[in-house]
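Chain and residue survey
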Amino acid sequence: MTEVATAPRQIPIVCPGHTRPLAELQFCAVDDENEHRAFLVSACHDKLPMLRDGVSGDWIGTFAGHKGAVWCCRLDPSGYLAATASGDFSVKVWDAITGKELYHFPHKHIVKTLDFSPDSRRLATGGHEGLLRVFDLEAPEGEPTAIAQLPDKKITITKCGWLDESIVLAACSDGGIRFWEVGPGGDGSKLLRTLKVDAEVRDMELSLLSSGKRILTVAAGKNVNFFDLSGDYKMLHSHPMPIHFRDEGGASLHPEGQKFVAGGSDLWVRIFDFATGKQLECHKGHHGPLRCLRFSPDGKTFATGSEDGTIRLWKTDP
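This structure is a prediction, so every number in the text was calculated from the model and none was measured.

Right, let's get into the nonpolar core. Within the largest apolar cluster, 16 residues are counted, with the highest numbers of intra-cluster contacts made by Leu169, Ile177, Phe179, Leu216, Val218 and Leu229. Those elements giving two or more residues to this core turn out to be strand S15 (167-172), strand S16 (176-182), strand S18 (201-208) and strand S19 (214-220). The residues contacting valine 218, other than those within four sequence positions of it, are Ile177, Val197, Val201, Asp203, Met204, Asn223, Val224, Asn225 and Phe227.

If you walk across this open sheet you meet the four strands as S6-S7-S8-S9, and the pairing is antiparallel. Of all the strands in the sheet, just strand S6 (70-75) and strand S9 (101-106) have a single pairing partner and so form its edges. Strand-to-strand twist in this sheet, taken as the mean axis angle between neighbours without regard to direction, amounts to 15°. Alignment of S6 against strand S7 (residues 81-86), held across five bridges, turns out to be antiparallel. Residue pairing across strands places valine 70 opposite serine 86, the latter belonging to S7.

Overall, the coordinates contain 17 salt bridges when judged by the stated rule. Between arginine 178 and aspartate 174 there is a salt bridge whose closest N-O contact spans 2.6 Å. On the basis of relative accessibility, which here comes to 6%, the residue arginine 178 falls in the buried class. Overall, aspartate 174 belongs to the partly exposed group, its relative accessible area being 23%. For the salt bridge of aspartate 228 with lysine 213, the shortest nitrogen-to-oxygen distance reads 3.9 Å.

Right, let's talk about the side chain of aspartate 228 for a bit. Inspection of the secondary structure assignment puts aspartate 228 in strand S20 (residues 223-228). Engagement of the side chain of aspartate 228 in a polar contact is seen with the backbone nitrogen of serine 230, the distance being 2.9 Å. Excluding residues within four positions of it along the chain, aspartate 228 makes contact with Lys213, Arg214, Ile215, Tyr233, Lys234 and Leu236.

On to the sheet that holds strand S10 (residues 111-116). Ordered in space as S10-S11-S12-S13, the four strands form an open sheet in which the pairing is antiparallel. The sheet is open, and its two borders are formed by S10 and strand S13 (145-148), each paired with just one other strand. With strand direction ignored, the average angle separating the axes of adjacent strands in the sheet is 20°. Across four bridges, strand S11 (residues 122-127) lies against strand S12 (residues 131-136) in antiparallel orientation. Residue pairing across strands places threonine 125 opposite arginine 133, the latter belonging to S12.

The subject of this paragraph is the pairing of strand S14 (residues 157-162). Here S14 lies mainly inside the structure; six of its six residues are buried. As paired elements, S14 and S15 share five bridges and run antiparallel to each other. Its bridge partner lying in S15, lysine 159 is registered against alanine 171. Hairpin connection between S14 and S15: a loop of four residues separates the two successive antiparallel strands.

It is worth spelling out unusual backbone geometry at this point. Negative phi characterises most residues that are not glycine, and trans characterises most peptide bonds. Phi angles above zero are rare outside glycine, and lysine 47 is one such case at about 75°. Relative to the elements of secondary structure, lysine 47 occurs in the loop between strand S3 (36-44) and strand S4 (50-53). Residue lysine 47 is classed as partly exposed on the basis of its relative accessible area, which comes to 37%. Unlike most non-glycine residues, tyrosine 233 shows phi in positive territory, near 65°. If you trace the backbone, tyrosine 233 turns up in the loop between S20 and strand S21 (235-240).

So, on to the confidence of the model for the protein. On average, residues of the protein carry a pLDDT of 94, and 97% of them reach 70 or more. Long-range and interchain partners of residues 1-5, a stretch whose pLDDT sits below 50, account for six contacts in this model, where long-range means more than four residues apart.

Scoring rules and cut-offs
- Residues numbered from 1 in each chain as written.
- Predicted model: local features only at pLDDT ≥ 70, side-chain atom pairs only at ≥ 80, totals over all residues.
- Heavy atoms only, no water.
- Core = buried A, V, L, I, M, F, W, Y, C linked by side-chain atoms within 4.5 Å.
- Buried < 20%, exposed > 50% of the residue type's maximum accessible area, 1.4 Å probe, protein only.
- Helix = DSSP H or I, 4+ residues; strand = E, 2+ residues; numbered from the N terminus.
- Contact = heavy atoms within 4.5 Å.
- Pairing = 2+ DSSP bridges.
- Axes fitted to C-alpha atoms, helices over the stretch in contact; angles between N-to-C directions.
- Salt bridge = Lys/Arg side-chain N within 4 Å of Asp/Glu carboxyl O.
- Polar contact = N/O pair within 3.5 Å; in protein donor to acceptor, adjacent residues only side chain to side chain.
- pLDDT = per-residue confidence, 0-100.

If you want it as structure tokens, here you go:
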């Protein structure tokens, strides 16, 4: 049975440049005295993460230097630093303005994920080693804090993210999302709690909604799950999807918290109602399965990255 879009057909902005499947997308909103700008960074298997204008999709620059697929690329909250995690067993930190490599952090296996702390002073990384590492960017030559996720076996860390200045979330291949309190200067770590989903976590997004609520979005198996991190950390919804997230894909919550976008094992870009899980829109544009999706900070657009090597920018309300 052929699916039909339930909203007016729109033609997205196509952002060429990559030559292999996309791995991750991230928007970053930067305010200074003169202007407000949004940037979009993309991680790709072609080893060349890119920086773009978040509105037009225009290419700004490429961070060249990795020798393996880049699985994750992030800008720090200020927009001055970028960091990349790669299949070449390394993490690099870059000057996001000039593209110059600032730091190189070797690992012992593929690095799948990383995230800057809100104050940009620390960088968390994770991957196939099963160790959550926290690097002090004010003392980059020092040894990082290294935290094994389980005492008796190794599990892959698929995504990580900072909840605040001291708590890091590590989402893993066993379906666990572990909250680690990491002391300043490597002063020990403490497991605070673990949330569980029923499959390997493929995507995880921390959102601070316009209402002030903090929501954790987790794509795993065939479901998109939402947890309330403002109160008792309970699961708010677990919506079954017409796709699966076993090999690729993800989900992103709109900043107002009323709807979310999801994509994975097929070519369709779908919008769903947050409360009910009802499909609201369905769009086609990519020529390969979706690998990553994110709403822009103002919620007016969202970006999708595909196995076809392109990024597409869509209007939320065309």
